[in-house]
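Summary of the model geometry
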Amino acid sequence: MFSMSALLMAGFLGLGSVSARAAESAPVASANDTATLVTDRDAAGPDQHLRVGLRLQLKPGWHTYWINPGDAGDTPTLDVTADGGATGKGGPIHWPVPVRISEGGLMSYAYVNEVTLPEDLVLKGSGSTTLHAHAEWLVCAQVCIPESGDFTLTLPAAADAVSAGGAQAALFQKAEAAMPVASPFAASVSGDGVLTLSGKGLSAASVSQAWFLPQDGGVIDQVADQPLHVSDGQLTLGLKFLKSAHRDKPLMGVVVLKDAAGQESPLQIEARPVGGAAAAAPVQADAAPASDVPTGAGWLRVLLFAFVGGLILNLMPCVFPVLAMKALSLAKMGGAGRGAQLQSALFYTLGVTGAFAALGIVMIGLRLAGSAAGWGFQFQSPGFVVGVCWLLFLMGLNLLGVFEVSAGRLGQVQTGGGRSGDMMTGLLAVIVATPCTAPFMGVAIAGALGGPPVMGVLVFLSMGLGLAFPYILVAGVPGVASRMPKPGAWMGILKQVLAFPLFATCVWLLWVAVIQRGVTFVALTAGGVVLLGFAGWIYGVGQRRSMLEGGRGTVAFCRIMAVLCVVVCGAALAQGLRAAPEPVAAGAPEAGVEPFSEARLAELRAQGKPVFIDMTASWCITCMVNERVALDVPSVQEAFRSRGIVFLKGDWTNRNAAIAAFLKAHGRDGVPFYMYFAPHQEGVVLPQILTPGIVTETIGN
């Protein structure tokens, strides 16, 4: 028959003999707790295997957190390295089973009083070794306080392997006793949240209470009741899945069984989905994001969302400069034959879809390699920002007639200048569109990055077709292009006027580069603009000289000078990127705005305060527009103040792993992203395009 004590005894197997004292570092103390680095041995033998751990002695009323902190909190971290005669690096933390703390409609998985968080450290070599450790943890009572510590501990050399022992070794034995053991029972979970354990020994006599602790957050409603039913050979717990849960993936965590005598047995389980796991609730555009990987018909919905998102992208402010160039192409099509119209649309579409496919392949590849790349990630590179700024400036000069790029030449970007011109216009449309995220795109990109790579590329291709669709419609529907204004002298003036939106975009990109790298980049970027302006002018001089006089020597000189200017710009940019970024002088802090951090969010939610989160970036024009028209308006600001809402802003202008992880956890891969947490409730995701009414209605509810 199944025995609770037998399960607990399994956690003690493999413990070494007690024969020596162990070591403990100098403490890092605060008013809330005392932290030390401990080991289970006081010396290091050749190729020694050590247990090292973070020991936290918490004051009464304070607690810290498990690997899944629950609805609020933060996971402790411990990084240990050893150098000297013997070297090594610590592994992951082994997590004792926590207690559950339910307060204010939130559930936390926590440690109270005292806990040791152990990890393994395998030393290579022999001789004395010094352990260096950095730890971070969050302690909470009525308030939450992030804490950290750096620890140093030197272990002398021993001729032979040293056995575990002493007072600190007992800490590891206590932690080991609190570890969950591998479950001897088969575990499964249905799509409606029924967790089932099956096996010999389960009965109403052996189990009086049971509860499940999920290893990952965002899976179940952690504060909801878990109805228990026990029969001979089977136990079921009723769980409440969140809408964003992966119901077609194994459910991992700890089931704690409690017998009539009050003895608890924690079991590590991996429950397989059975019975056709229910899919998450249908995704609505810009509603709470679903993180499920689509299957079957779900992919058709994602492809449709991608197409609609790409179509709406035509209306986003990021694409306005390129829309100007497309307007010229459309005007020229008014006097062209149907074959030329279709050909122009085809090559523009190839440029758009090819660029989207390439971008998708890069993003999917980075994700598979473990990177946190998201939509618009390339604009987090100052080199890319400056390069696009210079490219748009040259295109503006081209529109003004400073120089011309004749048909068939490499790099042709002149509006209506043949097939390569159409393809380059499509490529540029994608480049300048990536700082924007249109409605429906969040769901599509999340599905593309979370699913099979082939489907991911198809999603990006569908997005490209959406962006190119208006141009296809004009060219493909008989009579539409013929109703466009006929080409004439007015096109030359319009062409020159449309250079100025490109120059305005250059100013914006210059501002982004300064935010990313500091004021030195003003001189580098603006100096490059001057040098490229000279290159464009002298190249144009050579062109006109060639047309009027045919002077080959002068033309060659002009072209060589233009190329040298471009080379100098590239070399200067490479040198500037190698230099360390300058600290950007902080402006006056925004009234009522705090920088985003997971710890601060957890603290505010634990206190029951309403929180509004704004994930933004300086290169995201949609973000800037939303701030001006929907967030920084008197009615909305007054609503925030009157309701006591804390405004947390996350700046993703430069790479930030914490923000990328937060976005990914909520099914998004780009900005803007807005989320509101009412007191003691789950967060609500707002649309990517805001109005004052949307914001006030959300926080009012």
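In this text the structure is predicted, and so the values were computed from the model without any measurement.

Attention now goes to the nonpolar core. Counting residues in each nonpolar core, the largest one holds 36 residues, and the members touching the most others are Leu 37, Leu 54, Leu 78, Leu 121, Leu 131, Trp 137 and Phe 151. Within the second largest apolar cluster, 25 residues are counted, among which are Val 385, Trp 390, Leu 399 and Ala 499.

With that settled, consider the packing of helix α16 (residues 634-643) against helix α18 (residues 692-700). It is the contact of α16 with α18, at a shortest axis distance of 9 Å, that shows an interaxial angle of 10°. With respect to their mutual orientation, α16 and α18 come out roughly parallel. Of the two elements, α16 crosses α18, and the hand of that crossing is left-handed. Judged by residue contacts, Ser 635, Val 636, Ala 639, Phe 640 and Arg 643 of α16 engage Pro 692, Val 695, Thr 696, Ile 699 and Gly 700 from α18. Looking at the contact of α16 with α18 residue by residue, the class counts come to six nonpolar, three polar and one charged.

Right, let's talk about the pattern of salt bridges for a bit. Applying the stated rule across the entire model yields 11 salt bridges. The closest approach of N and O atoms between Lys 240 and Asp 221, which form a salt bridge, is 3.9 Å. Of the two residues, Lys 240 sits in the loop between β16 (234-238) and β17 (251-258) while Asp 221 sits in the loop between β14 (209-214) and β15 (228-231), which places them 19 residues apart along the sequence. Between Arg 600 and Glu 594 there is a salt bridge; the shortest N-O distance is 2.7 Å. Classification of Arg 600 as partly exposed rests on a relative accessible area of 21%. On the basis of relative accessible area, Glu 594 is assigned to the partly exposed category, the value being 27%.

Once that is clear, we can look at the sheet that holds strand β20 (residues 611-616). Spatial ordering of the open sheet is given by β19-β21-β20-β22-β23, a layout of five strands whose pairing is mixed. Of all the strands in the sheet, the pair left with one neighbour each is β19 (593-595) and β23 (683-685). For this sheet, the mean angle separating the axes of adjacent strands, direction not counted, is 25°. Taken strand by strand, helix α17 (residues 657-665) contacts β20, β21 (646-651) and β22 (673-677), and its axis lies near 110° from that of β20.

Let's shift gears to the confidence of the model for the protein chain. Per-residue pLDDT for the protein chain averages 77, and the proportion of residues at 70 or more is 74%. For residues 276-296, every residue scores under 50 in pLDDT, and the model assigns this stretch 49 contacts once sequence neighbours within four places are set aside. When the criterion is pLDDT under 50, residues 406-416 qualifies, and its contacts beyond four places in sequence or with other chains add up to 28 contacts.

On to the pairing of β21. Of all six residues in β21, five are buried; the element is thus mostly enclosed. Two elements, β19 and β21, share three bridges in a ladder whose sense is parallel. Bridged to Glu 594 within β21 is Leu 648. As paired elements, β20 and β21 share six bridges and run parallel to each other. What sits directly across from Asp 614, in β21, is Lys 649.

Definitions and limits used
Residues numbered from 1 in each chain as written. Predicted model: local features only at pLDDT ≥ 70, side-chain atom pairs only at ≥ 80, totals over all residues. Heavy atoms only, no water. Core = buried A, V, L, I, M, F, W, Y, C linked by side-chain atoms within 4.5 Å. Buried < 20%, exposed > 50% of the residue type's maximum accessible area, 1.4 Å probe, protein only. Axes fitted to C-alpha atoms, helices over the stretch in contact; angles between N-to-C directions. Helix = DSSP H or I, 4+ residues; strand = E, 2+ residues; numbered from the N terminus. Parallel < 35°, antiparallel > 145°, perpendicular 65-115°, else oblique. Left-handed = near helix turned anticlockwise from the far one by under 90°. Contact = heavy atoms within 4.5 Å. Nonpolar A, V, L, I, M, F, W, Y, C, P; charged D, E, K, R; others polar. Salt bridge = Lys/Arg side-chain N within 4 Å of Asp/Glu carboxyl O. Pairing = 2+ DSSP bridges. pLDDT = per-residue confidence, 0-100.

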